[in-house]
Amino acid sequence: MKCMADLCVIPIGEGVSVADEIAQCQRILQRFPIEIRMHAYGTNLYGDWDDVFAAIKACHAELHEGGVTRLSSTIKVGTRTDKDQTFDDKIGSVKDRLS
């Protein structure tokens, strides 16, 4: 089953800037056979359910292994069975209605 997820990983107690940890998470996500698109407050993920959630698990595991003691993640997930839908398809559908 394919899914689209929105992931926001927040290291807690690591200081004001979390850019280093987010960059590490992006490197981890790139190793998986999923589409990723970073945005200002997280990353969109698209692919097979198991691959998406394995990637999320790897972000947590590897950041913890790297010394981050506490992580809080927000994950929103959507699935549909009638068609595959890309990030651009979803955005384009709304933009069409705005025109």
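Let me begin by describing the structure that accompanies this report. Computed from a prediction, not measured in an experiment: that's the story for all the values here.

## Section: the side chain of Thr43
Tracing the backbone shows Thr43 in strand β3 (residues 42-48). Separated by 2.6 Å, the side chains of Thr43 and Gln26 make a polar contact. With residues near it in sequence (within four places) discarded, Thr43 still touches Ala5, Asp6, Leu7, Gln26, Leu29, Ile36, Arg37 and Met38.

## Focus: the sheet that holds β3
Pairing between the strands of a sheet comes from backbone hydrogen bonds, and it takes one of two forms, parallel or antiparallel. In spatial order, the strands read β2-β3-β1-β4; together these 4 strands make up an open sheet with antiparallel pairing. The open sheet has two edge strands with one neighbour each: β2 (35-39) and β4 (70-78). Adjacent strand axes in the sheet meet at a mean angle of 20° when their direction is disregarded. Pairing geometry for strand β1 (residues 2-12) and β4, over 9 bridges, is antiparallel. Counterpart to Ile12 in the pairing with β4 is Arg70. Lying over the sheet, helix α3 (residues 87-98) contacts β1, β2 and β3, oriented at roughly 55° with respect to β2.

## A word on a nonpolar patch on the surface
Where nonpolar side chains cluster on the molecular surface, the patch consists of Met1, Trp49, Ile75 and Val77 and spans about 350 Å² of accessible area. Assignment of secondary structure puts Ile75 in strand β4.

## Describing the environment of Leu29
Here Leu29 shows up in helix α1 (residues 19-29). For Leu29, a relative accessible area of 0% gives the class buried. C-alpha separation for the pair Leu29 and Ala54, spaced 25 residues apart in sequence, amounts to 9.3 Å. When neighbours within four sequence positions are excluded, Leu29 is seen to be in contact with Ile34, Ile36, Thr43, Leu45, Ala55 and Cys59.

## What about the pairing of β3?
The element β3 is largely enclosed, with a buried count of 5 among its 7 residues. Sheet analysis places β1 next to β3, joined by 6 bridges and oriented antiparallel. In the strand pairing of β3, Leu7 is matched with Thr43. Inspection of the sheet shows β2 paired to β3 by 5 bridges, in the antiparallel sense. Each bridged residue has a counterpart across the sheet, and for Met38 the counterpart in β3 is Thr43. Counted along the chain from β2 to the antiparallel partner β3, the turn is 2 residues long.

## Looking at the pattern of salt bridges
Applying the stated criterion across every chain yields a total of 4 salt bridges. A salt bridge links Arg31 to Glu62, with the shortest nitrogen-to-oxygen separation between them at 2.4 Å. Here Arg31 is found in the loop between α1 and β2, whereas its partner Glu62 is found in helix α2 (residues 49-65), with 31 residues between them in sequence. What makes Glu62 partly exposed here is its relative accessible area of 25%. Ionic pairing is found between Asp82 and Arg80, a salt bridge with its closest N-O pair at 2.7 Å.

Parameters at a glance
- Residues numbered from 1 in each chain as written.
- Predicted model: local features only at pLDDT ≥ 70, side-chain atom pairs only at ≥ 80, totals over all residues.
- Heavy atoms only, no water.
- Helix = DSSP H or I, 4+ residues; strand = E, 2+ residues; numbered from the N terminus.
- Polar contact = N/O pair within 3.5 Å; in protein donor to acceptor, adjacent residues only side chain to side chain.
- Contact = heavy atoms within 4.5 Å.
- Pairing = 2+ DSSP bridges.
- Axes fitted to C-alpha atoms, helices over the stretch in contact; angles between N-to-C directions.
- Patch = residues over 30% accessible without salt bridge, like charges linked within 9 Å, V, L, I, M, F, W, Y side chains within 5 Å.
- Areas by Shrake-Rupley, 256 points an atom, 1.4 Å probe, with all protein chains shown as cover.
- Salt bridge = Lys/Arg side-chain N within 4 Å of Asp/Glu carboxyl O.
- Buried < 20%, exposed > 50% of the residue type's maximum accessible area, 1.4 Å probe, protein only.

Just distances and angles here, no functional claims.
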